[in-house]
Amino acid sequence: MAPMRPNDAALTEANRDVKIKSIEPLAVGLPMKKPVTMAAETVTRADNVLVRVEADGGLVGWGEAASAPTMTGETTASMLAAVAHIAPALLGRDAGDHAGISAAMDASMYGNS
């Protein structure tokens, strides 16, 4: 048995075979306490996407990604679309199968890591 990684702590042997039941992206825009200036741009708010993943056993996990249209091309809208596109390939998968989930995401959005 492979050693558990820190984020695997909730997936004990007793609940190892929990399946992904739902994936819900949530767009959030939060004003920054202090604006940040980079090159020719001043950022006054953080436009991010939170992703809530729920397993059939009741476990819930969260992910987060920040938009950076001028650096990476990612916008809140593009990240929401990516989650909607990838989610069907992940539903029903074993939540502890990180390699399989990663491969499914890569196959769904080739070249967009």
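Just so it is clear, the model here is predicted, and its values are computed rather than measured.

This paragraph deals with the overall build of the protein chain. A tally of regular secondary structure across the protein chain gives two helices and three strands. Mapped in sequence order, the helices and strands of the protein chain form the string β-β-β-α-α. For the protein chain, buried positions account for 23% of its 113 residues. Look at the contacts in the protein chain between residues 6 or more apart in sequence, and 50% of them connect residues 24 or more apart. As displayed, the protein chain has an accessible area near 7500 Å², and 60% of this comes from carbon and sulfur atoms.

This paragraph deals with the sheet that holds strand β3 (residues 60–66). Ordered by their spatial adjacency, three strands build an open sheet running β1-β2-β3, and the pairing between neighbours is antiparallel. Because the sheet does not close on itself, it has two edges, and the strands there are β1 (20–38) and β3. The sheet shows a mean angle of 20° between the axes of neighbouring strands, taken without regard to direction. In terms of strand pairing, β1 meets strand β2 (residues 41–55) through 14 bridges, oriented antiparallel.

What follows is about the pairing of β2. As consecutive antiparallel partners, β1 and β2 are separated by two residues, and within that stretch A39 has a phi angle of approximately 50°, a positive value. Across seven bridges, the pairing between β2 and β3 is antiparallel. By the bridge assignment, V53 is partnered in β3 with G61. Linking two consecutive strands that pair antiparallel, namely β2 and β3, is a turn of four residues; a positive phi of about 100° is found at G58 within it.

Time to look at the layout of surface pockets. Volume-wise, the second largest pocket comes out at about 330 Å³. Going through the elements one at a time, β1 and β2 are the ones with two or more residues in the lining of the second largest pocket. Ranked by residues supplied to the lining of the second largest pocket, first place goes to β2 with eight residues. Class assignment of the residues belonging to the lining of the second largest pocket gives a composition of nine nonpolar, seven polar and three charged.

A word on the side chain of D94. Take D94: it is sitting in the loop between α1 (76–90) and α2 (98–108). One polar contact links the side chain of D94 to the main-chain amide nitrogen of G96, over a distance of 2.9 Å.

The subject of this paragraph is the nonpolar core. Most often, soluble globular proteins keep nonpolar side chains buried together rather than apart. I20, I23, V51 and L90 are the most contacted members of the largest nonpolar core, which has 16 residues in total. For this core, the elements supplying multiple residues, two or more each, are β1, β2, α1 and α2. When residues in this core are grouped by element, the largest group, six residues, is from α1. What V51 contacts, discounting residues up to four positions off in sequence, is I23, E24, P25, G61, W62, G63 and V83.

Rules of the game
- Counting restarts for each chain: residues are numbered from 1 in the order of the written sequence.
- Only residues with pLDDT of at least 70 are given local features in this predicted model, and only at 80 or more are side-chain atom pairs given and counted; all residues enter the totals for whole chains, interfaces and linings.
- To get the side-chain values, all heavy atoms of the structure are used, and hydrogens and water are removed first.
- In this text, helices come from DSSP runs of H or I with a minimum length of four residues, and strands from runs of E with a minimum of two, each type numbered from the N-terminal end.
- Throughout, exposure labels follow a simple rule: accessible area from a 1.4 Å probe, protein chains only, divided by the maximum for the residue type, with under 20% read as buried, over 50% as exposed, and the rest as partly exposed.
- Whether two residues are in contact is decided by their heavy atoms: any pair within 4.5 Å suffices.
- Here the accessible surface of atoms and residues is derived via Shrake-Rupley with a 1.4 Å probe, and residues count as covered only by protein chains that are part of the display.
- Between any two strands, pairing holds if DSSP finds at least two bridges.
- Here, axes are lines fitted to C-alpha atoms. For helices the fit covers the stretch in contact, and angles between N-to-C directions go from 0 to 180 degrees.
- Definitions used throughout: a 1 Å grid over protein atoms alone; a cavity as a set of points that fits a 1.4 Å probe which cannot get out; a pocket as an open set with protein on both sides within 12 Å along at least five of seven lines; a lining residue as one with an atom within 4 Å of a point.
- Grid points are joined across faces, edges and corners, and a volume is the space filled by probe spheres set on the points.
- Each residue receives one of three labels: charged for Asp, Glu, Lys and Arg, nonpolar for Ala, Val, Leu, Ile, Met, Phe, Trp, Tyr, Cys and Pro, and polar for the others, Gly being one of them.
- Two N or O atoms form a polar contact when they lie within 3.5 Å of each other; inside protein one atom must be a possible hydrogen donor and the other a possible acceptor, and for residues adjacent in sequence the pair counts only when both atoms belong to side chains.
- Only buried residues count toward a nonpolar core. Its members are Ala, Val, Leu, Ile, Met, Phe, Trp, Tyr and Cys residues joined through side-chain atoms within 4.5 Å.

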